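Take a look at the letters that make up each chain.
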Amino acid sequence: MLVNLPGPWSPLLGRLALSEIPYTNPILAPLFVIIVLAGIALVVGITYYGKWGYLWKEWFTTVDHKKLGIMYIILGLIMLFRGFIDGLMMRTQQMLAVGSGHNGMPLMGAIHGYLAPFHFGQIYSAHGLIMILLAATPLLVGIMNIIVPLQIGARDMAYPYLNALGLWITAAAVFLIMISLFVGDFSHNGWFGYAPIFELAYSPGVGVDYWIWTLELVALGTTLGSINFLATVVKMRAPGVTWTRLPVFTWTAVSANIIALTSFPCLQVALALVGADRYLGTHFFTAGFGGNLMLYTNLFWLWGHPEVYFVILPAFGMISEVIPTFSEKPIFGYITMVLASFAIAGVSWIVWLHHFFTMGMGPYVSTEFSVATMLVGIPTGVKVFNWTFTMYRGRLTFSSAMIWSIGALFLLLIGGLTGMMLSIPAINYMVHNSVFVVAHFHMMLLCIVYAVFSAIIFWFPKVFGFKLNEAWGKIMFWLFSAGTFLVFFPMFMLGFMGETRRLDWPFNLQWAPWFDIQEVGIAVYVLSVLAFLWLIYVSIRDRAENRVGADAWGTSRSLEWITDSPVPFYNFAMVPHVNHRDEAAWRREHGFSDKRPEKFAAIHMPNNTPVAIVIGALTFVIGFGLTWRIWWLTVAALVLTVLVMIYRSGKGDPGYIITAEEMEKMDRESRQKMDDGHAPLPKGGGYTGGTVTAYSAEVGDPGSQSTPPGNSRPLS
Amino acid sequence: MSSAHEKPVDPDQVVLWSDDYEGHDVISTRTFGFWMYILSDGMLFATLFAAYGVLSYSHSYYTGPTPAQFVAPWYTFIQTMALFLSVLAYGFSMAAMKTGSKAGVINGIVASMVLGAVFIGLDIHDVLRMISMGVTPEVSGGLSAFYALTQVHAAHIFVGLIWMLVMLYQILKKGFTEDVVGRLISLRMFWQFQAVMWVFIYVFVYLWGYMS
Ligand code: HEM
Ligand SMILES: [Cu+2]
């Protein structure tokens, strides 16, 4: 029943052959050498310092949600960098290739610019997939992983082992797409794929197969993660954390993961059906034999649109934590904030058609989806107003985390308004598939990136016990913003001038100045990447001076700020009893910040396990085997996976117990390690709003105190 | 109202730590998570149904046969009964667990497995019959969707059978530990859910297909 392959195939190696390794490619070959050398250096270094045992014990086998979160974030940052390099290559290609002449570099096999069209196609396809699913998603999942259990007073996620499994399966997807650089090639059909070009007849190589299996793996990892998040929030809340006391970030995590749980199966099915077409010769999306091309587009965007809200909702949540902290006010309109999140999640399911108005569904269908799309603007607008009102008459501190969040609001505004324009079919017919659309969604996705940087700066001290360097955080912000402005505003212009997306050869010479400006923007982005690396370096170097106490910012609000920084592996020595939505602020204002538990109880913690990373590795092998059609390898890895799972289920995990005495001792040590918070208090200007600020003596109610209690100093 | 400090709080009365918190209930947490999985599995079937719906117009079958020409609703009815009885047997097994009867549980699961195997056996036989008639997934988009929907369901049943086998072993080896009981509950949800999905498949694919 298997299809006839174009080209050779052998039972042992499938389609794999030496000729599949692009060692003559002038870009990939040196890159390969560099990566191999770097890899060897890394291995040698780790061996030399004898860190393998540490890595294995503390990281690779861990089930601790914070460490898994950190690894998710590292993975996400690495892929953000890889995606950025893709972007840099595309921008450079267009800048070089623009115009009507033959200005290409024959050495590279290009008639225009320096990239051959086939190579260019792979770059934009990989760029899109990587940025949305392997950069943004792991970054957000990583931050949720760290923060959600802390915000609800849990010791870990509901299923720590499943959590590790999710990480390692995502890592398998990352490895699969990275290896496509050096073994075979990647899809050139865009990140969402076009029917029927991805059918075997038109894309005979392995590129589309890499694309399918990478996506299937992330989809699997993310679905597992979403089950875990939902169970954690529903079942693991500490006493007192009622539904109306959940911090907004946790709420957005809930709404986002509901989206993920319900939408990712659509993607899995859509791609499995593409796989069936390519591997089994079925006719789901073929142009003949009763297949239906539009079915694919519908199924993909049925997932695709909810997915974009899956990534933006947690970003909204992060902004909702940062802004109140640095405005010294509770979030404005908590209830509407929560409702808006769920409204967005709900509406995100009934708008997918706006991605292909031009396919032509007739006026009634288009109108319905146009109106539904515009509806999303209402809850989104509610959120923007709520953030604005939170800042209004607040005591603002423009710390680096805060300015990243405020930057995110501007991008959201531009992205949202251009989205509104796109949701009108009459306009959409004009600009669909132009770079105007590309600029729209980059505004949105950059809004997420801004929120993520804001969140990283904001929660970094909680996880590592010291703050990142403020000045460099701000320098990076301004560089990054300048880059954003220089790259994407020309893109809107080019969209209006009629440039369609994904051009390896932009023929119109009038576009040239805009491409040049964009290239400058990319250079500025490069500077911001360097600033980021420097930021990390400086912060680690000066960490001793930047140690923080539990309440790292002095004005923090939610529950995670009452436990020590860095968070001990058990999160809370005693499970807290929560009295208020903004528990940390509440304790601080009532002078309880310094109170530590007096009684301790034994706790039960899960053991580390190598099973998750082993299964992750096996799923990579399955993906690789399927891509290259090495059937014996695929089947063997699959059977092994099942056996490992059965083995693990038989063995179970009894966990281990920390006794009350040990706990007390650890709590004491953790406290001694922690700096007693000489973190300078923010010197906010502005007004003291009516009911709001943290240290206000003016309000004059009996509960408030004129000097801030605990480990903080009064405002000067 | 929005202020964090509206009421004075007595520092001696305030409860900051949950001294007598027992921790969460392991089985109910596990069951909740499994419900979530069922939800995503439901979406998976929903998507396959959508694909089937789109690919069941007469032109979807190209020039090949339509379900009316090859499905055998009475034959499939036997499959339906086998699956229902299997669910029933599993139900008996879970009822026996309440009384702590190991033998009852094991008998129930074995019966459930046998009936599930009958279901799979009939399915394989049916597929072979159709293939011998030239009804294969490569013939047309419509047949591709037909096979996708029915065989993804069969694959779920197959996984369920392996799971039952594993559970038999674990019951014998460990008895009714918290883990084992939790897994048996999840398996029940899984098994019943597959039966529900089968009802839809039977009605919309086999009966409807036969009549149209
Ligand atoms: C107010 C909210 C939004 C509206 C009204 C809106 C509207 C639209 C419309 C109509 C399109 C289709 C344009 C076309 O292809 O012709 C589109 C594309 C897109 N939007 Fe949005 N959008 C909104 C928010 C978002 C958010 C929050 C994200 C991501 C975080 C996002 C990401 C995207 C992406 C990735 C695409 C294009 C994908 C592609 O073609 O490759 N949008 N948007
Ligand atoms: Cu959309």
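This section reports on the structure supplied with the text. These numbers were taken from a predicted model, which means no experiment stands behind them.

Parameters and conventions
- Residues numbered from 1 in each chain as written.
- Chains lettered and ligands numbered in written order.
- Predicted model: local features only at pLDDT ≥ 70, side-chain atom pairs only at ≥ 80, totals over all residues.
- Heavy atoms only, no water.
- Helix = DSSP H or I, 4+ residues; strand = E, 2+ residues; numbered from the N terminus.
- Rg over C-alpha atoms; globule rule 2.2 N^0.38 Å.
- Buried < 20%, exposed > 50% of the residue type's maximum accessible area, 1.4 Å probe, protein only.
- Contact = heavy atoms within 4.5 Å.
- Areas by Shrake-Rupley, 256 points an atom, 1.4 Å probe, with all protein chains shown as cover.
- Lys, Arg positive; Asp, Glu negative; His and termini not counted.
- Charge placed at Lys NZ, Arg CZ, Asp CG, Glu CD.
- Buried area = accessible area lost by both parts, 1.4 Å probe.
- Salt bridge = Lys/Arg side-chain N within 4 Å of Asp/Glu carboxyl O.
- Polar contact = N/O pair within 3.5 Å; in protein donor to acceptor, adjacent residues only side chain to side chain.
- Nonpolar A, V, L, I, M, F, W, Y, C, P; charged D, E, K, R; others polar.
- Donors = N, O, S within 2.8 Å, 3.2 Å for Na, K, Ca; no water.
- Near = heavy atom within 4 Å.
- Expected span 1.5 Å × (residues − 1).
- Phe/Tyr/Trp six-rings, centres within 6.5 Å; stacked < 30°, edge-to-face > 60°.
- Lys NZ or Arg CZ within 6 Å of the ring centre and 35° of its normal.
- Patch = residues over 30% accessible without salt bridge, like charges linked within 9 Å, V, L, I, M, F, W, Y side chains within 5 Å.
- Core = buried A, V, L, I, M, F, W, Y, C linked by side-chain atoms within 4.5 Å.

Let's shift gears to the overall build of chain A. Looking only at helices and strands, chain A has 20 helices and 2 strands in total. Relative to a compact globule of 716 residues, whose C-alpha radius of gyration would be 27 Å, chain A shows 26 Å and is just as compact. With the C-alpha coordinates of chain A rotated into their principal frame, the extents come out at 80 × 60 × 50 Å. In chain A, which comprises 716 residues, the share counted as buried stands at 61%. The contacts of chain A with a sequence gap of at least 6 include a subset with a gap of at least 24, amounting to 82%. By element, 72% of the accessible surface of chain A is carried by carbon and sulfur atoms, the whole surface being about 27,000 Å². Positive and negative charge centroids in chain A, built from 40 and 39 side chains respectively, lie 4 Å apart.

Assigned secondary structure in chain B consists of 6 helices and 0 strands. In terms of overall size, chain B is more extended than a compact globule, its C-alpha atoms giving a radius of gyration of 24 Å where 212 residues would be expected to give roughly 17 Å. Taking the principal axes of the C-alpha coordinates as reference, chain B spans close to 85 × 50 × 25 Å. Residues counted as buried form 51% of the 212 residues belonging to chain B. In chain B, once contacts between residues fewer than 6 apart in sequence are set aside, the share between residues at least 24 apart is 81%. Accessible surface computed for chain B: about 9,800 Å², of which carbon and sulfur atoms make up 70%. Side chains of chain B carry 9 positive and 13 negative charges; the gap between the two charge centres is 13 Å.

A word on the interface of chain B and chain A. Interfaces are often sized by the accessible area lost when the parts come together. Taken residue by residue, the interface counts 50 residues in chain B and 61 residues in chain A. At the boundary of chain B with chain A, total buried surface from both sides reaches about 4,800 Å², with 68% on carbon and sulfur atoms. Linking chain B with chain A are 1 salt bridge. The partner of A:Lys599 in a salt bridge is B:Asp19, and the shortest N-O contact between them spans 3.7 Å. There are 16 residue pairs in polar contact (both at pLDDT 80 or more) connecting chain B and chain A. Taken together, the elements giving at least two residues each to the side of chain B that touches chain A come down to helix 1 (26-54), helix 5 (141-174) and helix 6 (178-211) of chain B. The residue inventory of the side of chain B that touches chain A, partitioned by class, reads 26 nonpolar, 16 polar and 8 charged.

The next point concerns the side chain of A:Gln93. All names here are of chain A. Considering the arrangement of structural elements, one finds Gln93 in helix 3 (residues 65-97). Owing to a relative accessible area of 0%, Gln93 belongs among the buried residues under this scheme. At a separation of 2.9 Å, a polar atom in the side chain of Gln93 contacts the main-chain carbonyl oxygen of Asp504. Setting aside anything within four residues of it in sequence, one finds Gln93 in contact with His112, Gly113, Tyr114, Leu115, Phe120 and Asp504.

Residues and elements named next belong to chain A. Protein coordination at the copper ion (ligand 2): the donors are His305 (ND1), His354 (NE2) and His355 (NE2), at 1.8 to 2.0 Å from the metal. In primary sequence terms, the donor set of the copper ion (ligand 2) follows H-x48-H-H. Here the copper ion (ligand 2) and the iron atom of ligand 1 are spaced 4.5 Å apart. Residue His355 is classed as partly exposed on the basis of its relative accessible area, which comes to 23%.

A few words on the site of ligand 1. All names here are of chain A. Around ligand 1, the surrounding shell holds 22 residues, and the nearest of these are Trp191, Asn428, His432, His440 and Arg501. Interatomic distance of 3.0 Å between a side-chain N/O atom of Asn428 and an oxygen atom of ligand 1. Within the contact set of ligand 1, an oxygen atom lies 2.6 Å away from a side-chain nitrogen or oxygen of His432. It is helix 14 (residues 435-464) that provides the largest number of residues to the shell around ligand 1, a total of 6 residues. Taken together, the residues that form the shell around ligand 1 break down as 13 nonpolar, 8 polar and 1 charged.

An α-helix turns once per 3.6 residues; consequently, residues spaced three or four apart project the same way. Residue and element names in this part refer to chain A. Over its 27 residues, helix 15 (residues 470-496) runs 39 Å from end to end, which matches the ideal 39 Å to within 8%, given 1.5 Å per residue. Measuring from the backbone nitrogen of Ala471 back to the side-chain oxygen at the start of helix 15 gives 2.9 Å, which picks out Asn469 as the cap. Once helix 15 finishes, Gly498 follows within two positions and takes phi at roughly 95°, a positive value.

Counted according to the given criterion, the structure contains 78 aromatic pairs over all chains. Ring geometry for B:Trp198 and B:Tyr206: centres 5.7 Å apart, planes at 45°, overall tilted. Here A:Arg237 stacks its cationic end above the ring of A:Trp243, 4.0 Å away from the centre of that ring. Here the guanidinium or amino end of A:Arg587 rests over the ring plane of B:Trp17, the centre of that ring lying 4.8 Å away.

So, on to a nonpolar patch on the surface. Residue and element names in this part refer to chain B. Judged by side-chain polarity, Trp74, Phe77, Met81, Phe84, Val196, Val199, Phe200, Val203, Phe204, Leu207 and Trp208 come together as a nonpolar surface patch covering roughly 1,000 Å² of accessible area. Within the residue set of the nonpolar patch, elements represented by two or more residues are helix 3 (73-98) and helix 6. With respect to the secondary-structure elements, Leu207 resides in helix 6. On the basis of relative accessible area, Leu207 is assigned to the partly exposed category, the value being 32%.

This part covers the pattern of salt bridges. In the structure shown here, the tally under the stated rule is 16 salt bridges over all chains. Connected via shared salt-bridge partners are A:Asp209, A:Arg278 and A:Arg629.

Most of the time, phi is negative for any residue but glycine, and the peptide bond is trans. Residue and element names in this part refer to chain A. The peptide bond linking Ala195 to Pro196 adopts the cis configuration, its omega dihedral lying at -5°. The topology assignment puts Pro196 in the loop between helix 5 (160-179) and helix 6 (207-235). Here the bond from Ser565 into Pro566 is cis, since omega is -10°, no more than 30 degrees from zero. With respect to the helices, strands and loops of the structure, Pro566 is situated in the loop between helix 16 (512-541) and helix 17 (583-589). The backbone phi angle of Phe289 is positive, close to 55°, even though this residue is not glycine. As for its position among the elements, Phe289 is in the loop between helix 7 (248-280) and helix 8 (293-327). The phi dihedral of Glu328 is positive, around 55°, even though this residue is not glycine. In this structure, Glu328 sits in the loop between helix 8 and helix 9 (334-347).

With that out of the way, let us pick up the nonpolar core. Residues and elements named next belong to chain A. Counting 284 residues, the largest nonpolar core has Ile143, Trp211, Phe285 and Tyr296 as its most contacted members. Counting residues per element, this core draws most heavily on helix 14, at 23 residues. The contacts of Trp211, once residues within four sequence positions are left out, are Leu129, Phe186, Ser187, Gly190, Trp191, Phe192, Gly193, Phe198, Leu271 and Tyr296. Met89, Tyr114, Leu115 and Phe120 belong to the second-largest nonpolar core, a separate cluster that totals 7 residues.

Let us now look at the coordination of the iron atom of ligand 1. Exactly one donor from the protein chain reaches the iron atom of ligand 1: A:His440 (NE2), at 2.2 Å. With respect to the secondary-structure elements, A:His440 resides in helix 14.

Right, let's talk about the environment of A:Val233 for a bit. Residues and elements named next belong to chain A. For Val233, the location among the structural elements is in helix 6. With a relative accessible area of 1%, Val233 lands in the buried category. Distance in space between the C-alpha atoms of Val233 and Met402 is 27 Å, their sequence separation being 169 residues. Among residues more than four places away in sequence, those in contact with Val233 are Val148, Ile152, Trp243, Leu246, Thr250 and Val254.

The subject of this paragraph is helix 5 of chain A. Taking 1.5 Å per residue, 20 residues should reach 28 Å; helix 5 of chain A reaches 29 Å between its end C-alpha atoms and fits that length. The element helix 5 of chain A is extensively covered by neighbouring structure, given that 17 of its 20 residues are classed as buried.

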